[in-house]
Each structure stands twice: as C-alpha cells, then as structure tokens.
Amino acid sequence: MKEIIRKKMAASPVLRWTVLGLVSFTMLTGYVIADVMAPLKTLLEQQLGWDSSDYGLFTSGYGWLNIFLLMLIFGGMILDKKGVRYAGVLSVGLMIGGTLLKYWAITADLGGAVSSFSIGGHSLFSVKSQVLYATLGFAVFGVGVEMIGITANKAVVKWFRGRSLALALGINVAAGRIGTAIAMFGSLPLARMTGNPGAPLAVCLLLLCIGLLSFLVFCVLDRREDRETETLPGTEKEEEFKLSDIVKIAKIKAFWYITILCVLFYSAVFPFLKYATELMIQKFHVSPGFAGAIPALLPFGNILLTPLFGSIYDRRGHGATIMLIGSALLVCVYTLFAIPALTANWMAVVLVLVLGAALSLVPSAMWPSVTKIVPYRMLGTSYSMIFWIQNWGLAFVPLLIGVVLKNHCIAGTVVIDGVVSTRYDYTLPMLIFAGFGALSIVFALLLRREDARKGYGLEKPNDELQTNSTTKTQIP
Ligand SMILES: NCCCC[C@H](N)C(=O)NCC(=O)O
C-alpha cells in the first residue's frame, strides 16, 4: 500500500505542485481580506468617525463566531466528515458572504445610527450600527478564512504526505503572507486614491471570486485523484472524526504547550499588524501614503523565509529550538519598539524585518511539529483545536490594545493629511506584546523539555521522521 501511494505520487509531481498552487492561491485571496482594513484605521477614524475602541471591536469580530459558537471546531468536524472539497467551497462561500456584508456596512449611509443592547431594561452597551454590521460581516468572514486554513493544511497533507510536507506547508503559509503583504501595501494607497475606504474591499471581493475558481479547479483534480486512488488494490477509507478524539488530544501535554505557545505568539504578531500602520505614522513619522509599506515588509520576508526554515527543519531538525528563537526575537523587537526615544525610520524597518524572521521561524516549525505530537488521523481536529484557542487571542488582543490605547495612551492631537487626529503613545501596547513574547519563551522551553522526556522527535529532522513515524500513522 505504502509503495503504491509513493509510486502514484512520484508519478505526478507536476500535479502535486499544481494542487499546492491552486489551494495556496485561495488561501492568499482570503488572507488579503483578513488584513485589508488594518492600514485604514486612521482613515476610518477620519472619514467614518470611528474611534480606537470601534476599530478594536471590529477587528476582534474576526474570532467571535469561531470562538463563541465553536464554528472553528465544527469547521474541523465538517472537514473531517465531508472532506477537503466540501469544506473548501463552504469556506470560500462564507468568506464571500461575510465580505459582502462588511462592504455594505462600510459604504452604506447609516446616518450615524447607534445600536443599543440591554437586558431587562438594563442598558448593556451601545455601538455605532455601522461598526456592528461591519463586525458581523468580519465575523462570518473569519469563520470562512479559518476554515480554509485548516482545509488547506489538510489538503496539503493529503497530497504531500511523505514528500517535502514541511516545505509544502511552508509554501502554503507563505502564500497567506503574500495576501497579507498585498493588503498592507495596497490598501491605504487605494483607499486614499479613490477617497473610499470600501474600495480595497471591492477589489478583494473580485480577487476572492478568482480564489473560488481556483479552488473549484483543485476540486476537479482532487476528485479525479480520489477516484483513481479508490480503484487501487488495498486502499482503505481513512478513519473518520470521532468526538472522543478531542478527549484523546486534550490528554497530550505537549499539545497544550504548543497550543499555548501558538496563541501567545500569534497574539503578539497579527494584532500588532492591525495597529502597525498607525504606529509607523505616529511614532516613526512615516508619511501616511507610505506607512503601510513598512509593516508590509514583514509578510514579504516570510514569503521566502518560511519555506526556507521549513526545509531546514526537514533536513536538520531543531524544531523546538526554532520556536524558542522565534519567541526570543519577539521580546527583543517589542522592547525596542517600546523605547520612546527610538523613532528613526530605519529602526522601524529593521525591527519589522526581525519580526518577519520570528514569524517565519515559529510557524515553519510549529505546524509540522503538530504532526509529530498527535497521530495523523487526529490531525484535522488538532489543527482546528489549536486554531480555536489561537482565535481567542486574535479576537481579544486587538480589543485589549484598542481599549488600552483609548484609555491610557492618548497623548494629544496630531495633524495627519491636514486632518486633526488623536495622537497615541504606543509604549504600553508594545510592552504588552513583549510580555506575550516572554511567555512564549516559557512555553517553548516547556515544549522542548516535554519533547526530551517523551521523545516526539521535535529536535530531529522531519525527513528522517516522515518515513519513520508519519507514514506509519498515515498509511496502514
Ligand atoms: N491574518 C490571518 C490569520 C490566520 C490565523 C490562522 N489561524 C493561522 O494561524 N494560520 C497559520 C499562519 O501562520 O498564518
């Protein structure tokens, strides 16, 4: 059986890399939208009258449904039960629906309407209706984009298992980073050129439709491959998701270390990007038209570095150490960002590049490492559990930063593009991010110790272990 699959896969490398290209392109189109509003914070405040906590609420909406309605976990279950094709098309559909709602909210004239929520006559909170609808749209989109992340991972594992898997996973992550770079680089200039904060979203919607087409082509190839594989002698149906798998995964200590490391690490990076453009304008005095370009360097660096570190891990190992180094870099970067006297443009560029190296190191080692900790048949569920917990951080850290900025960091006003805007002191938010980095170091160390105790092989080359352990668990 092992040999038959190996021969089949070896016979179609072009097909495998084409599949990776198609799935990764769909990821890319989703990731553009995930970050497209980030460079527009100041513009939303200037043109739509939002403040930092409106923006923080909107940004946090990304994880609401995933977290509170357990959509990510259900997404993992749907993926495991219905397969990558069904889950992928559903994901893109959700992304399109959510983005349409967000676009409508941003561009419609709601006349400054406010939505109030109360229980038993007690007013809970009020929020601008525009912010609420945009947040709901982002929440629906968030379900789709997280689900496509898990689906893409599973599709890559399906096509690449036993063959350059870490490199392929790294390339898939890199595609997501290209999407983030496009958003960081293009969004603000487009919105300023058109004078419309909704314009980047409209372009993204078009891109997402092309992403859907790309995924549909993948579905055709994947279906054909499945049919051919089914006809091979000795082919067994893969085990389906069982609820009891969640309990089994939850009993693995190293799974929790990697999950907590994941939430801490990502909470210190992605939420930073939501505020990075404003940080560049306000702390480093970068012109608004160019401000998105510096944070955009971060994902650009990842595009090359993530597959590079992935293939180093494949060939030389040191997965837990790679995650440790990435976490340590976070502390250095954010401590330097926090120092008020450091305001030189070049310093911002250097720090963003180092942060980019950290964001390449950790994911390139983290996602393949999960395959060494949990058995293959539980991998989809494991990824969805990790993403679910990570989403708590992605939802609440931006909100926390928005609230901290509004309540503790207002330092007067500043004129940006001829418009008087609130000036923020970003020292405290940067120290919060540095704190997440410090905690990440602790969990990376715990993970390394647990690996030494249990012998997961996180420090060993993937290529060595892929033939030894992964194929053993994947192919009966
Ligand atoms: N800005 C998109 C955030 C995606 C988060 C997703 N759960 C994830 O962790 N993906 C892997 C990665 O490294 O981007």
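Since the structure is predicted, the reported quantities are computational estimates derived from the model, not experimental observations.

Attention shifts here to the overall build of the protein chain. On a plain count of helices and strands, the protein chain comes out with 19 helices and four strands. Scaling as 2.2 N^0.38, a compact globule of 476 residues should have a C-alpha radius of gyration of about 23 Å, and the protein chain matches this with 22 Å. Its C-alpha atoms give the protein chain principal-axis dimensions of about 70 × 50 × 40 Å. Scored against the burial criterion, the 476 residues of the protein chain give a buried share of 57%.

Right, let's get into the packing of aromatic side chains. Taken as a whole and judged by the stated rule, the model has 27 aromatic pairs. Taking the centre distance of 5.9 Å and the plane angle of 70 degrees together, the rings of Phe284 and Phe337 count as edge-to-face. A residue pair is termed long-range when its members are at least 10 positions apart, and Phe284 in the loop between helix 12 (253-282) and helix 13 (288-291) and Phe337 in helix 15 (residues 319-338) qualify at 53 residues. The burial state of Phe284 is the same as that of Phe337; both residues are buried. The structure contains a cluster of three or more aromatic residues connected by ring pairs, namely Trp50, Tyr55, Phe58, Tyr62, Phe138, Phe141 and Tyr275. Directly above the aromatic system of Tyr86 lies the positively charged group of Lys82, at a separation of 5.1 Å from the ring centroid.

Around the ligand lies a shell of 13 residues, among which Tyr31, Glu146, Arg177, Tyr266 and Gln390 are the nearest. Within the side chain of Tyr31, a nitrogen or oxygen atom sits 2.9 Å from a nitrogen atom of the ligand. With respect to the ligand, the side chain of Arg177 contributes an N or O atom lying 2.8 Å from an oxygen atom. Relative to its unbound accessible surface of 390 Å², the ligand loses 95% to contact with the protein. Contributions of two or more residues to the shell around the ligand are made by helix 2 (13-35), helix 9 (165-194), helix 12 and helix 17 (379-408). Grouping the constituent residues of the shell around the ligand by class yields nine nonpolar, one polar and three charged.

Its location among the elements puts Ala444 in helix 18 (residues 427-454). The exposure class of Ala444 is buried, given its relative accessible area of 1%. In the structure, Ala444 is positioned 54 residues away from Gln390 in sequence and 16 Å away in space, judged by C-alpha atoms. Non-local contacts of Ala444, meaning those with residues more than four positions away in its chain, are made with Leu261, Met323, Leu324 and Ser327.

Let us now look at the packing of helix 6 (residues 71-82) against helix 7 (residues 84-107). Viewed as axis vectors pointing N to C, helix 6 and helix 7 meet at an angle of 140 degrees, and their least axial separation amounts to 6 Å. Considering the angle they form, helix 6 stands oblique to helix 7. Here helix 6 contributes Ile78, Leu79 and Lys82 to the contact with helix 7, which in turn contributes Val84, Tyr86, Ala87 and Leu90.

This part covers the side chain of Ser421. With respect to the secondary-structure elements, Ser421 resides in strand 4 (residues 419-424). Since its relative accessible area comes to 7%, Ser421 is described here as buried.

Next up on the list: the environment of Thr135. Tracing the backbone through its elements, the reader meets Thr135 in helix 8 (residues 129-160). A sequence separation of 46 residues divides Thr135 from Ala181, and the C-alpha atoms of the two residues are 22 Å apart. Apart from the residues lying within four places of it in its own chain, the contact partners of Thr135 are Leu57, Phe58, Gly61 and Trp64. In this structure the side chain of Thr135 is engaged in a polar contact, spanning 2.5 Å, whose partner is the backbone oxygen of Val131.

Note: strand 3 (residues 410-416) against strand 4, five bridges, orientation antiparallel. The partner of Ile410 across the bridge, within strand 4, is Tyr424. In this antiparallel pair of consecutive strands, strand 3 and strand 4, the connection spans two residues, and Asp417 shows a positive phi of 55 degrees.

With respect to the helices, strands and loops of the structure, Thr42 is situated in helix 3 (residues 41-47). Excluding residues that lie within four positions of it along the chain, Thr42 makes contacts with Glu278, Ile281, Ile416 and Ser421.

On the surface, Phe68, Leu69, Leu70, Met71, Phe74, Trp392 and Phe396 cluster together into a nonpolar patch covering about 610 Å² of accessible area. Classification of Phe74 as partly exposed rests on a relative accessible area of 39%.

Positive phi, close to 55 degrees, is recorded for Leu70, a residue that is not glycine. Within the secondary structure layout, Leu70 lies in the loop between helix 5 (64-68) and helix 6. Since its relative accessible area comes to 34%, Leu70 is described here as partly exposed. Phi at His285 is positive, roughly 55 degrees, even though this residue is not glycine. Looking at the secondary structure, you find His285 in the loop between helix 12 and helix 13.

Taken as a whole, this structure holds 11 salt bridges when the rule is applied. A salt bridge links Asp54 to Lys128, with the shortest nitrogen-to-oxygen separation between them at 2.3 Å. Note that Asp54 is positioned in helix 4 (residues 52-60) and Lys128 in strand 2 (residues 122-128), a separation of 74 residues in sequence. With its nearest N and O atoms 3.0 Å apart, the salt bridge here joins Asp226 to Arg85. With Asp226 in helix 10 (residues 199-230) and Arg85 in helix 7, the pair connects residues that are 141 residues apart, well separated along the chain. Under the relative-accessibility criterion, Asp226 is labelled partly exposed at 22%. Residue Arg85 is classed as partly exposed on the basis of its relative accessible area, which comes to 23%.

Calculation notes
- Residues numbered from 1 in each chain as written.
- Predicted model: local features only at pLDDT ≥ 70, side-chain atom pairs only at ≥ 80, totals over all residues.
- Heavy atoms only, no water.
- Helix = DSSP H or I, 4+ residues; strand = E, 2+ residues; numbered from the N terminus.
- Rg over C-alpha atoms; globule rule 2.2 N^0.38 Å.
- Buried < 20%, exposed > 50% of the residue type's maximum accessible area, 1.4 Å probe, protein only.
- Phe/Tyr/Trp six-rings, centres within 6.5 Å; stacked < 30°, edge-to-face > 60°.
- Lys NZ or Arg CZ within 6 Å of the ring centre and 35° of its normal.
- Near = heavy atom within 4 Å.
- Polar contact = N/O pair within 3.5 Å; in protein donor to acceptor, adjacent residues only side chain to side chain.
- Areas by Shrake-Rupley, 256 points an atom, 1.4 Å probe, with all protein chains shown as cover.
- Nonpolar A, V, L, I, M, F, W, Y, C, P; charged D, E, K, R; others polar.
- Contact = heavy atoms within 4.5 Å.
- Axes fitted to C-alpha atoms, helices over the stretch in contact; angles between N-to-C directions.
- Parallel < 35°, antiparallel > 145°, perpendicular 65-115°, else oblique.
- Pairing = 2+ DSSP bridges.
- Patch = residues over 30% accessible without salt bridge, like charges linked within 9 Å, V, L, I, M, F, W, Y side chains within 5 Å.
- Salt bridge = Lys/Arg side-chain N within 4 Å of Asp/Glu carboxyl O.

What is shown is where atoms sit, not what they do.
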